[in-house]
There are 2 protein chains.
Amino acid sequence: MNRKPTLAVVGATGAVGEVLLQMLSQHADVWGEIRLIASPRTAGHKLSVRGEDVEVLPLSEEALEGAQVALFAVPDAVAAQWAPIAAAKGVVVVDSSGVFRMDADVPLVVPEVNPHAVRLRPRGIVASPQCTTLAMIVAVGALHAEFGLRELVVSTYQAASGEGRAGVETLRRQTELVAGTKLGTNPGDVRRAVGDDTGPFPGPVVLNVVPWAGEAGDDGWSSDELRLRGEARKILDLPDVRVSATCVRVPVVTGHSLSVHAAFENEVTVARAHEILATAPGVVLFDNPAAGDFPTPADVVGTDPAWVGRVRRSLDDPCALDLFLCADNLRKGAALNAAQIAEAVAAELTAP
Amino acid sequence: MNRKPTLAVVGATGAVGEVLLQMLSQHADVWGEIRLIASPRTAGHKLSVRGEDVEVLPLSEEALEGAQVALFAVPDAVAAQWAPIAAAKGVVVVDSSGVFRMDADVPLVVPEVNPHAVRLRPRGIVASPQCTTLAMIVAVGALHAEFGLRELVVSTYQAASGEGRAGVETLRRQTELVAGTKLGTNPGDVRRAVGDDTGPFPGPVVLNVVPWAGEAGDDGWSSDELRLRGEARKILDLPDVRVSATCVRVPVVTGHSLSVHAAFENEVTVARAHEILATAPGVVLFDNPAAGDFPTPADVVGTDPAWVGRVRRSLDDPCALDLFLCADNLRKGAALNAAQIAEAVAAELTAP
Ligand SMILES: NC(=O)c1ccc[n+]([C@@H]2O[C@H](COP(=O)([O-])OP(=O)(O)OC[C@H]3O[C@@H](n4cnc5c(N)ncnc54)[C@H](OP(=O)(O)O)[C@@H]3O)[C@@H](O)[C@H]2O)c1
Ligand SMILES: NC(=O)c1ccc[n+]([C@@H]2O[C@H](COP(=O)([O-])OP(=O)(O)OC[C@H]3O[C@@H](n4cnc5c(N)ncnc54)[C@H](OP(=O)(O)O)[C@@H]3O)[C@@H](O)[C@H]2O)c1
């Protein structure tokens, strides 16, 4: 094939979908037709992509017909049902949901770390990792290549938009309810002010942090915590590396942050870690606390790379580093990584 | 001495001072006279303690004269100057600042963990730990007693009131500025909205997290991070235990949270950890995620104990636990611990 491939964007109206359409408008134009697909609820709406208004189609077999690549950014249940249908039609599916990531027959791809993996896709599906994994994995992968990763201990500071549009609306509504009040010093006063409707979160997310993200897994772990472990092991091809994660929601609109303690096989130095991170593609080193330089979500939101700062060598272990990372969960954490994968597939499909 | 001792509260008008006055009104009445002291700025103000209005005195040698115990809750520089002056007058100083905690001649006391330490105080000063240390140390100490602590990796979620009244005012002002807006999705839009006045924080604290607390220490560490390490080692009397901390400010009014990864000498089980935490004095176990039971700062603010939940055994290390803890940084994190120490001193002074 030498024509530009047809792309279907499934979930075009969502939080990730919105950023995907921006990326498709800004990136090098590798696509022929671009079809926008969502649920029957929003079918008929018009969205702008590459400067044109395009009508949203309801998800159906016909809507997928003739596409070569489909970017899926829909809830797990929708991806579980429809990705195999699309793949059966010969469409290469690049899926951002949690359904296929740990499937042995589905590659889990971060182009800066394991670009080769995209080509072997027996099910016709390529998975993109969850946003917390993506915020750290490029930087951690670069350090691993030099020092040999042994263990990760991760605590997250996850933004509301990790739960899509509903998450953002919930945080904004709750922020209005507490602004101008003296709430936050008596037990339960924030909970009473925001009421029972905590949206997609299991507790108030304004003036609060909620140590839970995802569904309940075994032994007290949340699905986001288990996924971070499983995905990091799979992407780095380190099936036995130790990973412990605690996933926490914070009152930030967009931009996930992670505190990472990484222990390596070999001795580390901050100077060498800085060199590696400063030159790793897709990573920005921003680390001079004396000048106020460390990444925060409010500063990195809307940007493509993963930002890393607060690089310190453990005072008790010459082989361990502590880092703080921020990335836009809708960009590198979702849409950008998926778009990068889709572009790699397009290049492969159109190669002579 | 058999009369009830005279107590001076130095810093009575501050964030910690306000809670101290509540505690002095509610706790068993061990004090004779209670003197309230602050800066010349607020001298002459009247504050209520034990149901009576008491006039605030300006800090001076005269104001301290004749007191047996003084609770200091003032900035570091004021404590550094005045605690030795008070001690020289024979006043036992219980200090909440960061100045004396690592002094080998000053005991650092958490009554649930090392109550005996209070009696040996060659300088006449007893120090109370920082709020982040206090939020975890009772629970960690109880687990250490059973399993033998080897390593702590800690990430904090610190509330605005950790920076006193100025911190709370900053968060409240910034919350009003972003309420009702669509801010939080473009780089720097939160920073522009809140302006240059970020109060005691090195960046906007609303709709953001800021990976910095305290002053700059060596090798990229912040003073809160170094203090957490030094204080935990001193209180637990484990001078070589490994501790790595990353301290982060979050948009919460009051209530510090900590994600703690704790590795032990011996194998752990969640069941045994639950038993220990459920019976440890000053700790509340709140750990049933399926029922939505995990501590959050909005729920535990205003309460005395440290709350612990999300207890998980590492999937890769049978000797490691991951926990999430919350405590009111003005109560157990400051005023309550200091009041407990002062009451132990009072009991000693009045013992027949
Ligand atoms: N948000 C993040 O940070 C992030 C990061 C990485 C991965 N992801 C994953 O990306 C996916 C999308 O997340 P999001 O945050 O964009 O969610 P979202 O804002 O809730 O958007 C969901 C999208 O799916 C569509 N959809 C829902 N039900 C559908 C159905 N039955 N048929 C067809 N389309 C349907 C919605 O269309 P309507 O508008 O018509 O309802 C909308 O376009 C999820 O799997 C999520 O786990 C999200
Ligand atoms: N906030 C926490 O979570 C926390 C936890 C543990 C320990 N601590 C420590 O406790 C201490 C007090 O903290 P805070 O949060 O209560 O601070 P804050 O709200 O800023 O209060 C400071 C107090 O110190 C007084 N003060 C300031 N300068 C003074 C001077 N020159 N002479 C006499 N008094 C003076 C103030 O009196 P005016 O009102 O007259 O200015 C006020 O009463 C600090 O050392 C802090 O590190 C705080």
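Because the structure is predicted, anything quoted here is derived from the model rather than measured.

Calculation rules
- Residues numbered from 1 in each chain as written.
- Chains lettered and ligands numbered in written order.
- Predicted model: local features only at pLDDT ≥ 70, side-chain atom pairs only at ≥ 80, totals over all residues.
- Heavy atoms only, no water.
- Helix = DSSP H or I, 4+ residues; strand = E, 2+ residues; numbered from the N terminus.
- Buried < 20%, exposed > 50% of the residue type's maximum accessible area, 1.4 Å probe, protein only.
- Contact = heavy atoms within 4.5 Å.
- Pairing = 2+ DSSP bridges.
- Axes fitted to C-alpha atoms, helices over the stretch in contact; angles between N-to-C directions.
- Least-squares fit on C-alpha atoms with pLDDT ≥ 70 in both.
- Salt bridge = Lys/Arg side-chain N within 4 Å of Asp/Glu carboxyl O.
- Expected span 1.5 Å × (residues − 1).
- Polar contact = N/O pair within 3.5 Å; in protein donor to acceptor, adjacent residues only side chain to side chain.
- Near = heavy atom within 4 Å.
- Areas by Shrake-Rupley, 256 points an atom, 1.4 Å probe, with all protein chains shown as cover.
- Nonpolar A, V, L, I, M, F, W, Y, C, P; charged D, E, K, R; others polar.
- UniProt positions renumbered as here; feature names shortened; annotations may be inferred.
- Buried area = accessible area lost by both parts, 1.4 Å probe.

Undergrad: I'm lost on the environment of Ala83 of chain B in this one. Help?
TA: Residue and element names in this part refer to chain B. Tracing the backbone shows Ala83 in helix 3 (residues 76–88). According to the relative accessible area criterion, Ala83 is buried, its value standing at 0%. For the pair Ala83 and Ser155, spaced 72 residues apart in sequence, the C-alpha separation works out to 32 Å. Setting aside residues no more than four positions away along its own chain, Ala83 makes contact with Phe72, Val78, Val93, Phe100 and Ile125.

Undergrad: Just to check I follow, could you spell out the sheet that holds strand 7 (residues 125–127) of chain A for this structure?
TA: In a beta sheet, neighbouring strands are held together by backbone hydrogen bonds and run either parallel or antiparallel to one another. Residues and elements named next belong to chain A. Pairing is mixed across the open sheet formed by 7 strands, whose spatial order is 3-4-2-1-5-6-7. On the outer flanks of this sheet lie strand 3 (46–49) and strand 7, each paired with one strand and no other. Across this sheet, the average inter-strand angle for adjacent strands is 30°, counted without regard to direction. Pairing of strand 3 with strand 4 (residues 52–58) involves 4 bridges; the strand directions are antiparallel. Each residue of the ladder has a partner; that of Ser48, found in strand 4, is Asp53. Helix 1 (residues 15–26) contacts strand 1 (7–10), strand 2 (34–38), strand 3 and strand 5 (69–72) of the sheet and is inclined by roughly 40° relative to strand 3. Its contacts with the sheet place helix 10 (residues 331–350) against strand 5, strand 6 (92–95) and strand 7, and it is angled at close to 175° to strand 5.

Undergrad: How do you make sense of the relation of the copies chain B and chain A when you look at a structure like this?
TA: Here the second copy of the chain follows from the first by a rotation about an axis and a shift along it. Superposing chain B onto chain A requires a rotation of 180° together with a translation of 0.0 Å along the rotation axis, leaving an RMSD of 0.0 Å. Considering both components of the superposition, the chain copies are consistent with a two-fold axis. Most of the interface of chain B is mirrored in chain A, where 100% of its interface residues are also at the interface.

Undergrad: What exactly am I supposed to notice about the pairing of strand 13 (residues 320–327) of chain A here?
TA: Put simply, side chains in a regular strand alternate between the two faces of the sheet. Residues and elements named next belong to chain A. Counting buried residues in strand 13 gives 8 out of 8 residues, a clear majority hidden from the surface. By the alternation rule, side chains of strand 13 split into Ala320, Asp322, Phe324 and Cys326 and Leu321, Leu323, Leu325 and Ala327, which are all buried. For strand 10 (residues 256–264) and strand 13, the ladder comprises 8 bridges, and the chain directions are antiparallel. Residue pairing in the sheet places His261 in a bridge with Asp322 of strand 13. Taken together, the 6 bridges between strand 12 (residues 306–313) and strand 13 define a ladder with antiparallel strand orientation. Bridging across to strand 13, Val308 finds its partner in Leu325. Counted along the chain from strand 12 to the antiparallel partner strand 13, the turn is 6 residues long.

Undergrad: Explanation requested: the pattern of salt bridges in the structure shown.
TA: Side-chain pairs of opposite charge can arise whenever the charged atoms involved come near each other. Residues and elements named next belong to chain A. Scanning all chains against the criterion turns up 48 salt bridges over all chains. With its nearest N and O atoms 3.0 Å apart, the salt bridge here joins Arg50 to Asp29. In this pair, Arg50 sits in the loop between strand 3 and strand 4 while Asp29 sits in the loop between helix 1 and strand 2, placing the two residues 21 residues apart along the sequence. Where Arg272 meets Glu146, a salt bridge forms, and the shortest distance between an N and an O atom there is 2.8 Å. Residue Arg272 is found in helix 8 (residues 270–279), and its partner Glu146 is found in helix 4 (residues 131–147); the two are separated by 126 residues along the sequence. Classification of Arg272 by relative accessible area gives partly exposed; the value is 31%. Residue Glu146 is classed as partly exposed on the basis of its relative accessible area of 34%. One network of salt bridges, in which partners are shared, links Glu61, Glu65 and Lys89.

Undergrad: When you look at the sheet that holds strand 2 (residues 34–38) of chain B in this model, what are you seeing that I'm missing?
TA: Residue and element names in this part refer to chain B. The strand order across the open sheet built from 7 strands is 3-4-2-1-5-6-7, with neighbouring strands paired in mixed fashion. Where the open sheet ends on each side, the last strands, each with one partner, are strand 3 (46–49) and strand 7 (125–127). Each adjacent strand pair in this sheet contributes to an overall mean axis angle of 30°, direction not counted. Alignment of strand 6 (residues 92–95) against strand 7, held across 3 bridges, turns out to be parallel. When the bridges of strand 7 are listed, Val94 appears paired with Val126. Across the sheet, helix 10 (residues 331–350) lies against strand 5 (69–72), strand 6 and strand 7, angled at about 175° from strand 5, the strand it touches most.

Undergrad: Would you mind going over helix 1 (residues 15–26) of chain B with me for this structure?
TA: Helical geometry: 3.6 residues make up each α-helical turn, so side chains three or four residues apart lie on a common side. Residue and element names in this part refer to chain B. Its 12 residues give helix 1 an end-to-end C-alpha distance of 17 Å, which sits within 8% of 16 Å, the value for a rise of 1.5 Å per residue. Among the residues of helix 1, those classed as buried are Ala15, Val16, Gly17, Val19, Leu20, Leu21, Met23 and Leu24. In this structure, the buried residues of helix 1 make contact with strand 1 (7–10), strand 2, strand 3, strand 5, helix 5 (164–178) and helix 10.

Undergrad: How should the side chain of Thr156 of chain B be read in this particular structure?
TA: Mapped onto the secondary structure, Thr156 of chain B falls in strand 8 (residues 149–157). Residue classification places Thr156 of chain B among the buried residues on the basis of a relative accessible area of 0%. At 2.8 Å, the side chain of Thr156 of chain B and the side chain of Gln158 of chain B are in polar contact. Within the structure, Thr156 of chain B has its side chain in polar contact with the backbone nitrogen of Val248 of chain B (distance 2.9 Å). In this structure Thr156 of chain B touches Tyr157 of chain A together with Thr132, Thr246, Cys247, Val248, Ser257 and Leu258 of chain B, once residues within four positions along its chain are discounted.

Undergrad: Any chance you could explain the site of ligand 2 here in plain terms?
TA: Residue and element names in this part refer to chain B. The immediate surroundings of ligand 2 are formed by 27 residues, with Thr13, Val16, Ser39, Thr42 and Val74 found nearest. Between an oxygen atom of ligand 2 and a side-chain N or O atom of Thr13, the distance comes to 2.5 Å. Within the side chain of Thr42, an N or O atom sits 2.5 Å from an oxygen atom of ligand 2. Protein chains shield 81% of the accessible area of ligand 2, which is 910 Å² for the free molecule. At the level of elements, helix 1, helix 3, helix 5 and helix 10 are the ones that each hand at least two residues to the shell around ligand 2. The residue makeup of the shell around ligand 2, split by class, is 12 nonpolar, 12 polar and 3 charged.

Undergrad: What exactly am I supposed to notice about the UniProt feature "domain: Semialdehyde dehydrogenase NAD-binding" (unreviewed entry) in chain A here?
TA: Mapped onto the present numbering, the UniProt feature "domain: Semialdehyde dehydrogenase NAD-binding" (unreviewed entry) falls at residues 6–121 of chain A. When the span residues 6–121 of chain A is considered, its composition is 25% helix and 24% strand, and the gap between its end C-alpha atoms is 19 Å.

Undergrad: Would you explain the interface of chain B and chain A in this entry?
TA: When the parts come together, some accessible area is lost, and that loss is often what is quoted as the size of the interface. At the junction of the two partners, chain B supplies 72 residues and chain A supplies 72 residues. Buried surface at the junction of chain B and chain A, both sides included, amounts to about 5,800 Å², of which 58% is carbon and sulfur. Here Arg191 of chain A makes a salt bridge to Asp299 of chain B, at a shortest N to O gap of 2.7 Å. Applying the counting rule to chain B against chain A returns 39 residue pairs in polar contact (both at pLDDT 80 or more). Residue composition of the side of chain B that touches chain A, grouped by class: 33 nonpolar, 22 polar and 17 charged.

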